[in-house]
Amino acid sequence: QYLCNAIQEILGTNTEQRIAFLSTPSLYFAYPAELREHCAVFDIDKVWENDPGFVYYDYEQPEAFDESLRNTFDIVIIDPPFITRDVWEKYA
């Protein structure tokens, strides 16, 4: 709950902050569309592809996304699907 409140405060008070939600679609979609305007959800599940903030992301190929998005986010929130050393290294 604390994390959700902190993110909402950032999104609600500072419209210049950009947040990337990496493999966290449930958290991304917990916020109303107007708060997600400066956010992106990086995820492998294309069920979200109609959302304007969707970016296809496969942690097996962590650098295979649009180059124009690099270094454009102030905050990155991650929740890897598995907690193994190999997976964590790919997210790092």
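Use the structure listed above.
Now for a description of the structure that goes with this document. Worth saying up front: this structure is predicted, and the values here are computed from it rather than measured.

**Overview of the nonpolar core**
Piece 1. Ranked by size, the top nonpolar core spans 11 residues in total: Ile-7, Ile-19, Phe-21, Leu-27, Tyr-28, Tyr-31, Leu-35, Cys-39, Val-41, Phe-54 and Ile-77.
Piece 2. Mapped onto this core, the elements with two or more residues apiece are strand 1 (19-22), helix 2 (25-28) and strand 2 (39-43).
Piece 3. If sequence neighbours within four positions are ignored, Phe-54 has contacts with Val-41, Asp-43, Asp-45, Lys-46, Trp-48 and Glu-49.
Piece 4. Core analysis: the next-biggest nonpolar cluster, separate from the first, contains 9 residues, Ala-20, Leu-22, Ala-40 and Tyr-57 among them.

**Some points on the pattern of salt bridges**
Piece 1. Taken as a whole and assessed by the stated rule, the structure comprises 2 salt bridges.
Piece 2. Among the salt bridges present, the one from Glu-67 reaches Arg-70, with a minimum N-O distance of 2.8 Å.
Piece 3. Residue Glu-67 is classed as exposed on the basis of its relative accessible area, which comes to 55%.

**What to know about the packing of aromatic side chains**
Both the distance between ring centres and the angle between the ring planes are used here to describe each pair of aromatic rings.
Piece 1. Using the criterion set out here, one finds 8 aromatic pairs in the structure.
Piece 2. Taken together, the ring pairs connect Phe-21, Tyr-28, Phe-29, Tyr-31 and Trp-48 into an aromatic cluster.
Piece 3. One Lys or Arg, Lys-46, reaches over the ring of Tyr-56 and ends 5.0 Å from the middle of that ring.
Piece 4. Over the face of the ring belonging to Phe-65 we find Arg-70, whose NZ or CZ atom lies 4.6 Å from the ring centre.

**Focus: the side chain of Thr-24**
Piece 1. By the secondary structure assignment, Thr-24 is in the loop between strand 1 and helix 2.
Piece 2. Taking the relative accessible area as the measure of exposure, Thr-24 reaches 5% and is therefore buried.
Piece 3. Contact partners of Thr-24, with chain neighbours within four places excluded, come to Val-41, Asp-43, Ile-77, Ile-78 and Asp-79.

**Quick look at the environment of Gln-17**
Piece 1. Here Gln-17 shows up in the loop between helix 1 (2-13) and strand 1.
Piece 2. Expressed as a C-alpha distance, the spacing of Gln-17 and Cys-39, which sit 22 residues apart in the sequence, is 8.5 Å.
Piece 3. Residues in contact with Gln-17, not counting those within four places in the same chain, are Ile-10, His-38, Asp-74 and Ile-75.

**Some details on the sheet that holds strand 3 (residues 54-56)**
Piece 1. Taken in spatial order, the 4 strands make up an open sheet running 3-2-1-4, and their pairing is parallel. Either end of the sheet is taken by a strand with one partner, and the two such strands are strand 3 and strand 4 (75-78). Strand-to-strand twist of the sheet, defined as the mean angle between neighbouring strand axes without regard to direction, takes the value 20°.
Piece 2. Bridge count between strand 2 and strand 3: 3 bridges; the pairing is parallel. Bridge pairing in strand 3 places Phe-42 opposite Val-55.

The rules behind the values
- Residues numbered from 1 in each chain as written.
- Predicted model: local features only at pLDDT ≥ 70, side-chain atom pairs only at ≥ 80, totals over all residues.
- Heavy atoms only, no water.
- Core = buried A, V, L, I, M, F, W, Y, C linked by side-chain atoms within 4.5 Å.
- Buried < 20%, exposed > 50% of the residue type's maximum accessible area, 1.4 Å probe, protein only.
- Helix = DSSP H or I, 4+ residues; strand = E, 2+ residues; numbered from the N terminus.
- Contact = heavy atoms within 4.5 Å.
- Salt bridge = Lys/Arg side-chain N within 4 Å of Asp/Glu carboxyl O.
- Phe/Tyr/Trp six-rings, centres within 6.5 Å; stacked < 30°, edge-to-face > 60°.
- Lys NZ or Arg CZ within 6 Å of the ring centre and 35° of its normal.
- Pairing = 2+ DSSP bridges.
- Axes fitted to C-alpha atoms, helices over the stretch in contact; angles between N-to-C directions.

Worth remembering: the numbers are spatial, not functional.
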